[in-house]
Amino acid sequence: MTAKKSSSKSQAKSSPSPSPKKSPPVKKARKSSNSPKAASSAETPTPRSQGVANNRSSNTFPIVGIGASAGGLEALSRFFSSLPADNGMGFVVIQHLAPERESVMPELLAKKTSMPIHVAVDETLVEPNHVYLIPPNTQLSIDGGFLRVDPPSQSHGFRTPIDKFFQSLAEEQGPFAIGVILSGAGSDGSVGLRSVKEHGGLTIAQSADSALFSGMPRSAILTGLIDHILPVEAIAEALIHYAKYLYDLRDGKGLETLRAEALNHLDVICSHLHRRTGHDFRGYKRNTMGRRVQRRMQILHIASPAKYVKRLREDPAEVDGLFKELLIGVTQFFRDPEAFAFFSGTIVPKIVKSKQNDEAIRIWIPGCSTGEEAYSLAILFYEYLHREHLSIPLQIFGTDIDERALDNARRGRYPESIREDVLPDRLFLFFEQDGSYYRVAKVIRDLCIFSFHNLVGNPPFSRMDVISCRNLLIYMEPNLQHQMFSVFHYSLNPEGYLFLGASEHAEDQSRFFRSVNKRFRLFQPKEIVRRTFPKFPIRGPRGSVPTSKPALFPQIQDPFTHTFDQLVREEYGPPAVLIDKECQVQYVSGQTGTYLQLPSGSVNVNLINMVLPDLHLPLRSGIFKAVKTGKEVIHPNIPLFVNNSIQSVDIIVRPLFHGKLSSDLLMVVFRERGIIRKSPKIPKKSSKDEPERIQELEQEIRTSREHLQTALEELETSNQELKSSNQELMSVNEELQSANEELQTSTEELQSINEELETVNAQLSGKVEELDHANSDMENLFRTTDISTLFLNVNLCIQKYTPAAQKMFQFLDTDLGRPITQLSSFSEDETLLADIRDVLRTAQPKEHTRRFSHDPQTYFSRITPYQNSDGQIHGVVLTFVDITQLRQVEDQVLRFSQQQKVMAAFAQLALQERDVLKVMNECVSLLS
């Protein structure tokens, strides 16, 4: 048996369905006053062929919880685009959202699916073929088919909304719960997926290579809990097939019938597993194993246990899949911090101080899974040894039957999510950053040895100072638990410690262990029960040798045994029994059949349950007094009806000592006083018998009063213990509440901020794309208009220029950020720099016509201030428009105009000359 669990992983190809063209408007989810059952009985459209028939005769339908963070928008868009709208499933999307920022996710997803998109409000009824989104700064859960929207349990710091919703979804829906992890940073969702799987649901993760941010999918995959690792489009197809199987199963025999049938086939399945793997699961709890088998049938879409048994026989891969399904791994660093703190402060110093002459400290962690618990104990002991400057050897053995988990333990490489379990100081000292993982430091890894070991079939380790077996026994039947306790008792040193999980206890194994601390489940072996074990068969993972069972009554190898026999023979002689303080029989001397008998049912060696009814009260009161006072207690002349006669018996209870040594053992002696009467019938009264009869009755009254007084004292003691336990529990609750309030640290707050920023960036990716298009349009505008544009900052350094400006001034790529005063081309025009500085000073634009010696062209320049939205000047913008052709035309027009003026002057002069000639001719004619 082991404490590790891993799911089979499958890859599937998909043929995505075309996305609907019509996008519905986004709206707030409506509240419903109807009960979940009545509300879910409404009619819905019949799904298409690849969809799932939505049978509304039952209120149970698959609900898909989708966890996403950074990069989740792109993954969700592709997912819903590949999913038909009439799929018969409800979808709840949980994201890491900025608390004070309105999410744009509803509007963006509405473009990708025709299913209604709702922003969840409190008491929202979840319906098939609808999508519900978590609002910002809230915590979402589901109860009775209704979504519950609550303020976050933590006002700040690292939040895990995906884990919390998955846990409530698993408890609510059971096998109809589906957990999906898409792109995102961090590890949120990994813990919640464990609950989904434990309750029989389906777990899916986006393949890490297809995710924009692989942190969340990779963390989920590393847990070994994922049933399918698929690209986003293939996830939609897998969900459709799985939902169809669930609907067919629900409308047919039903899940409860399937589980009952699976329980009937467990013996066959266990036998097949035993033959193929060498591991016997017949001591595994049947209900738990039935759920595991049922879940494998659901994943494979098999509706009959008989068909599943056939699949096991024909498919070796499924044998491995079921084997990993049964290896339930619930482990983490320093699980139950208060228990580890107590162990570090109290138990570690005691163990270290008990070692002499460089004797090694030996620790065994059976069912170590991926090694977190082994490394946690290694860190505790290393811290103490280093703090006390001691060099005592330390050996830690981690064993398991899961080779894959052992490989991970040997590597000592864990995801970033361990920051939630390991204190920052320990994380800094004992771990090394390895990309997005943490690796246990070599000095700690060298202390731990991980190896294959079958706790049930292989010989146990011995001479152990600590056995840490946390949350392994809870998966075993009582008989197997009893066997494991006997193994642990054999393996521990007399002063060693057994460290159990919070859900386990050894009170029922009081023959083997005594409690050191009930709250933190710490126990020590009892000295008297020193067991000689039969030889264990050495068997590997494929062995088939049956496991030997330890003897019911141990062979006692203890100095107290000799003392007991000696006292009985020398001082008493009659039948006697050696018991511990819990009344468990440890040793029997003489013929006790007259006084003891085994009760019916399972074997019970509690002396109070074995003794005859007439001896119950005196025996119980004697044991109570002897334990309380530490002295011998005698109850004389107790009448006992045996073989048609009444005998007188003395009961002697005496604490056991050997020299100066004391123990938790008591000896109970039954000393016969002889026969009182031959027949239980009371003879006729006579005057002679009356005094004797009165004396007997008075003796019985005195005895009854003593027994009553003893019972009252026992009751008072029990009440005081109960009060003390109640006060201790109240103190524990207060401490736990205080610890929960102080759990969050500045590191967690920083992680939360980073998550929120990544989510905002993902939601704004669409806006960035639009800006990219706008920038492209601007670049094309600058290139096609052929206008030289130059951007300068307030220090006259070049910030940006257009292709035309680069051609005009012969800019190089290295000129960006360079002051224009260092460029000779700008020094040719004496007014240019002065105009630029004037514009920076006055914020008034300037226009001028300019020519440069290196360029024969003529330019119209315009210098304007570069202002932001607040009106502050951050530089200038220079534009140069080539007006050479315009100037040439102007010159031509000017020359033509001048020519026209000259010609007009000549014409006028000619006219004037003609008039003068005419006058002269008239004068000549007059003179002649």
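Residues numbered from 1 in each chain as written. Predicted model: local features only at pLDDT ≥ 70, side-chain atom pairs only at ≥ 80, totals over all residues. Heavy atoms only, no water.

## Description of the confidence of the model for the protein chain
Phase 1: Considering every residue of the protein chain, the mean pLDDT works out to 76; 78% of them sit at 70 or more.
Phase 2: Here helix α1 (residues 36–39) stands out as the element of the protein chain with the lowest mean pLDDT, 33, in contrast to helix α14 (residues 372–387), whose mean of 93 is the highest.
Phase 3: In the model, residues 1–28 has pLDDT below 50 throughout and makes 117 contacts with residues more than four positions away in sequence or in other chains. (pLDDT = per-residue confidence, 0-100. Helix = DSSP H or I, 4+ residues; strand = E, 2+ residues; numbered from the N terminus. Contact = heavy atoms within 4.5 Å.)

## Some words on the environment of glutamate 338
Phase 1: For glutamate 338, the position within the fold is in helix α13 (residues 337–353).
Phase 2: Using a relative accessible area of 24% as the deciding quantity, one classes glutamate 338 as partly exposed.
Phase 3: Sequence spacing of glutamate 338 and valine 732 is 394 residues, and the spatial spacing of their C-alpha atoms is 9.9 Å. (Buried < 20%, exposed > 50% of the residue type's maximum accessible area, 1.4 Å probe, protein only.)

## Quick look at α13
Phase 1: A rise of 1.5 Å per residue sets the reference length of α13, with its 17 residues, at 24 Å; its end C-alpha atoms lie 24 Å apart and thus fit the reference within 8%.
Phase 2: Along α13, the largest kink reaches about 40 degrees and is centred on serine 344.
Phase 3: Every buried residue of α13 is accounted for by Ala339, Phe340, Phe343, Ser344, Ile347, Val348, Pro349, Ile351 and Val352.
Phase 4: Structurally, α13 contributes buried residues whose contacts are with β12 (361–366), α14, β18 (464–469), β19 (492–500) and β21 (522–525). (Expected span 1.5 Å × (residues − 1). Bend = angle between axes of the 7 residues up to and from the residue.)

## Here we look at the sheet that holds β19
Strands belonging to one sheet form pairs held by backbone hydrogen bonds; the direction of such a pair is parallel or antiparallel.
Phase 1: If you trace the seven strands from one edge of the open sheet to the other, you get β17-β13-β12-β18-β19-β21-β20, paired in mixed fashion. This sheet does not close on itself; its edge strands, each paired only once, are β17 (448–452) and β20 (513–517). For this sheet the average axis-to-axis angle between neighbouring strands, irrespective of direction, equals 25 degrees. (Pairing = 2+ DSSP bridges. Axes fitted to C-alpha atoms, helices over the stretch in contact; angles between N-to-C directions.)

## A look at the packing of helix α2 (residues 72–81) against helix α7 (residues 232–251)
Phase 1: Direction vectors running N to C along α2 and α7 enclose 45 degrees, while the axes themselves pass 8 Å from each other. With respect to α7, the element α2 is oriented oblique. By crossing handedness, the relation of α2 to α7 is classed as right-handed. The segment α2 lies against α7, with Ala75, Arg78 and Phe79 engaging Val232, Glu233, Ile235, Ala236 and Leu239.
Phase 2: When the residues that make up the contact of α2 with α7 are grouped by side-chain class, the tally is six nonpolar, no polar and two charged. (Parallel < 35°, antiparallel > 145°, perpendicular 65-115°, else oblique. Left-handed = near helix turned anticlockwise from the far one by under 90°. Nonpolar A, V, L, I, M, F, W, Y, C, P; charged D, E, K, R; others polar.)

## Examining the pattern of salt bridges
Phase 1: Within this structure, the stated rule accounts for 15 salt bridges.
Phase 2: Measuring nitrogen to oxygen at the nearest pair gives 2.9 Å for the salt bridge that ties arginine 78 to glutamate 233. Placement of arginine 78 in helix α2 and of glutamate 233 in helix α7 is noted, with a sequence separation of 155 residues between them.
Phase 3: Between aspartate 838 and lysine 846 there is a salt bridge, and its shortest N-O distance comes to 2.7 Å.
Phase 4: The exposure class assigned to aspartate 838 is buried, which follows from its relative accessible area of 14%.
Phase 5: Through salt bridges with shared partners, a single ionic network connects Glu74, Arg78 and Glu233. (Salt bridge = Lys/Arg side-chain N within 4 Å of Asp/Glu carboxyl O.)

## Considerations on the packing of aromatic side chains
Phase 1: In total, this model carries 19 aromatic pairs according to the counting rule given.
Phase 2: Through a chain of ring-to-ring contacts, the aromatic side chains of Phe333, Tyr375, Tyr414, Phe431 and Phe450 assemble into a single cluster.
Phase 3: The ring of phenylalanine 334 carries the charged tip of arginine 426 above its face, separated from the ring centre by 4.6 Å.
Phase 4: Geometry around phenylalanine 499 places arginine 470 over its ring, the cationic atom sitting 4.6 Å from the centre. (Phe/Tyr/Trp six-rings, centres within 6.5 Å; stacked < 30°, edge-to-face > 60°. Lys NZ or Arg CZ within 6 Å of the ring centre and 35° of its normal.)

## What to know about the nonpolar core
Phase 1: Core analysis: the largest hydrophobic core is formed by 62 residues, its most contacted members being Ile66, Phe79, Phe80 and Phe91.
Phase 2: Dropping the residues within four chain positions of it, isoleucine 66 is found in contact with Leu76, Phe79, Phe80, Phe91, Val92, Val93, Ile94, Phe166, Val180 and Leu182.
Phase 3: Within the second largest apolar cluster, 44 residues are counted, among which are Val348, Phe381, Tyr384 and Val466. (Core = buried A, V, L, I, M, F, W, Y, C linked by side-chain atoms within 4.5 Å.)

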